[in-house]
Amino acid sequence: MPNITDNYTFKIIQLSDLHLTGRIGQAPSYQRFLEVFGAVKHLNPDLWLLTGDLVNDGNSNAYDWLFDRLQATKTPYLAVAGNHDVTHEIGIHLAHHERIHVPILPDQRLKNCYRYTFQAGHHWQLLLLNSSVPGEIFGALDHQTLLWLDQTLATHPEHTLLALHHHPTKVGSAWIDDYLLQNHQDFWRVIKKHAHVHTVLCGHVHQVHTLKPLLAHQVQLLSCPSTDRQFMPFVDDFQIANTPAGCRVIQIDNTDTVSSYIQMVQNTR
C-alpha cells in the first residue's frame with residue numbers, strides 16, 4: 001500500500017477489447033495494442049485493469065504474451081473475461097446472426113468474484129465480475145455471482161468500483177445493445193441496495209460513454225474504447241468508426257473524487 005499524502009491520487013488505466021489474434025506480437029491487433037500501451041505506460045498507474053475480449057481465439061500463447069508485458073511494468077494488473085475469451089467466433093466476415101460461436105475454456109488468470117482493495121482518500125474496493133457466457137456474444141451474471149456481489153457489498157461498505165465486460169445499460173447502438181448484459185435488471189437491483197457503489201466500468205461496446213443509470217443514488221457507468229477498433233455509436237447496424245484506439249484513465253484523489261479521461265492514440269498501421 002503506498003504512503004498516502006495530501007496530493008495522492010490512485011490511478012487505474014483501463015484497457016479493453018484488445019482482440020489479439022494472428023501472429024504473436026506481430027499481427028496488427030498486437031501492434032495497435034502496443035501503441036496504446038506504450039503511450040500510457042509513462043503515466044505510472046497504480047493498477048492495470050483489463051475488461052475483456054483480450055484474445056480473439058483462445059490462444060493461450062497470446063495471454064502469455066500480454067501478461068508478460070503487463071508484469072514487466074511491475075504494476076499490479078487484473079483482467080476479466082469477455083465473450084471472445086470464452087467463445088471462438090467462426091465466420092467473422094459474415095453478419096453477426098450468421099456466425100458460429102464455439103465455447104472455449106477461459107484462461108485461468110481471468111478473474112471472477114474477485115475483490116481488490118486500495119486506498120485514496122479512504123479505503124476503496126474494486127470488485128471484478130465475469131459476465132461472459134461460453135458460446136454467446138451477450139453477457140449474463142449467474143446466480144452465484146449476483147449473490148457474491150450482494151453479500152460482498154453488504155459486508156464491505158467501502159467506496160466501490162465494479163468492473164465487468166458487458167454493458168449493463170443500453171448505449172443507443174441497436175446491434176450491440178442486443179448483446180448487453182441480459183439480466184441487467186437483476187444487476188441493478190443489487191446495486192440499488194448499496195449506496196457506496198460509485199462507478200461501474202465496462203468494455204464490449206468499443207465506444208466511449210458516461211451514463212447515469214436511474215437509481216436512488218448516483219452511480220456512473222463508464223465504457224472504454226478498444227485498443228483495436230472502435231464501433232460507430234448510435235447506429236442500428238454494425239459499423240466501424242474512423243476514430244483512434246485508446247484507453248480510459250481513472251483517477252481517485254485524496255478527497256475520494258473520481259475523475260477520468262480518455263487517452264486516444266492514432267494508429268499508424
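Residues numbered from 1 in each chain as written. Predicted model: local features only at pLDDT ≥ 70, side-chain atom pairs only at ≥ 80, totals over all residues. Heavy atoms only, no water.

If you look the protein up in an unreviewed UniProt entry, it shows as Metallophosphoesterase from Moraxella canis. On record in UniProt, under Sequence similarities (unreviewed entry), the comment for the protein is "Belongs to the cyclic nucleotide phosphodiesterase class-III family." (UniProt positions renumbered as here; feature names shortened; annotations may be inferred.)

K.L.:
It is not clear to me how the pattern of salt bridges should be interpreted in this structure. Could you clarify?
P.N.:
Side-chain pairs of opposite charge can arise whenever the charged atoms involved come near each other. Counting across every chain of the model gives six salt bridges. Among the salt bridges present, the one from arginine 32 reaches aspartate 228, with a minimum N-O distance of 2.5 Å. Here arginine 32, found in helix α1 (residues 28-40), pairs with aspartate 228, found in the loop between β11 (220-223) and β12 (230-231); they are 196 residues apart in sequence, far enough to count as distant. There is no split in this pair, since arginine 32 and aspartate 228 are both buried. (Salt bridge = Lys/Arg side-chain N within 4 Å of Asp/Glu carboxyl O. Helix = DSSP H or I, 4+ residues; strand = E, 2+ residues; numbered from the N terminus. Buried < 20%, exposed > 50% of the residue type's maximum accessible area, 1.4 Å probe, protein only.)

K.L.:
How do you make sense of the packing of α1 against helix α2 (residues 60-71) when you look at a structure like this?
P.N.:
Between two packed helices, what matters for the description is the angle formed by their axes and the separation of those axes. Taken N-terminus to C-terminus, the directions of α1 and α2 make an angle of 15°; their axes are 12 Å apart at the nearest point. Classed by the angle they form, the pair α1 and α2 counts as roughly parallel. Handedness of the crossing formed by α1 with α2: right-handed. In contact with Tyr30, Phe33, Leu34 and Phe37 of α1, α2 contributes Ala62, Trp65, Leu66, Arg69 and Leu70. Taken together, the residues that form the contact of α1 with α2 break down as eight nonpolar, no polar and one charged. (Axes fitted to C-alpha atoms, helices over the stretch in contact; angles between N-to-C directions. Parallel < 35°, antiparallel > 145°, perpendicular 65-115°, else oblique. Left-handed = near helix turned anticlockwise from the far one by under 90°. Contact = heavy atoms within 4.5 Å. Nonpolar A, V, L, I, M, F, W, Y, C, P; charged D, E, K, R; others polar.)

K.L.:
Sorry if this is basic, but what is going on with the packing of helix α4 (residues 143-155) against helix α6 (residues 184-192) here?
P.N.:
Relative orientation of the contacting elements α4 and α6 amounts to 10°, with a least axis distance of 10 Å. As judged from the angle between their axes, α4 and α6 are roughly parallel. In this structure, α4 contributes Leu146, Leu149, Asp150 and Leu153 to the contact, and α6 contributes Asp186, Phe187, Val190 and Ile191. Grouping the constituent residues of the contact of α4 with α6 by class yields six nonpolar, no polar and two charged.

K.L.:
What's the story with the packing of aromatic side chains in this structure? I'm lost.
P.N.:
The geometry of an aromatic ring pair is captured by two quantities: the separation of the ring centres and the angle between the planes. Within this structure, the stated rule accounts for 13 aromatic pairs. Considering the side-chain rings of phenylalanine 10 and phenylalanine 118, the 4.0 Å spacing of their centres and the 15° angle between planes classify their relative orientation as stacked. Residue phenylalanine 10 is found in strand β1 (residues 9-15), and its partner phenylalanine 118 is found in strand β6 (residues 114-119); the two are separated by 108 residues along the sequence. Owing to a relative accessible area of 3%, phenylalanine 10 belongs among the buried residues under this scheme. An angle of 70° between the planes, with centres 5.4 Å apart, marks the rings of phenylalanine 231 and phenylalanine 238 as edge-to-face. The structure contains a cluster of three or more aromatic residues connected by ring pairs, namely Tyr30, Phe33, Phe37, Trp48 and Trp65. (Phe/Tyr/Trp six-rings, centres within 6.5 Å; stacked < 30°, edge-to-face > 60°.)

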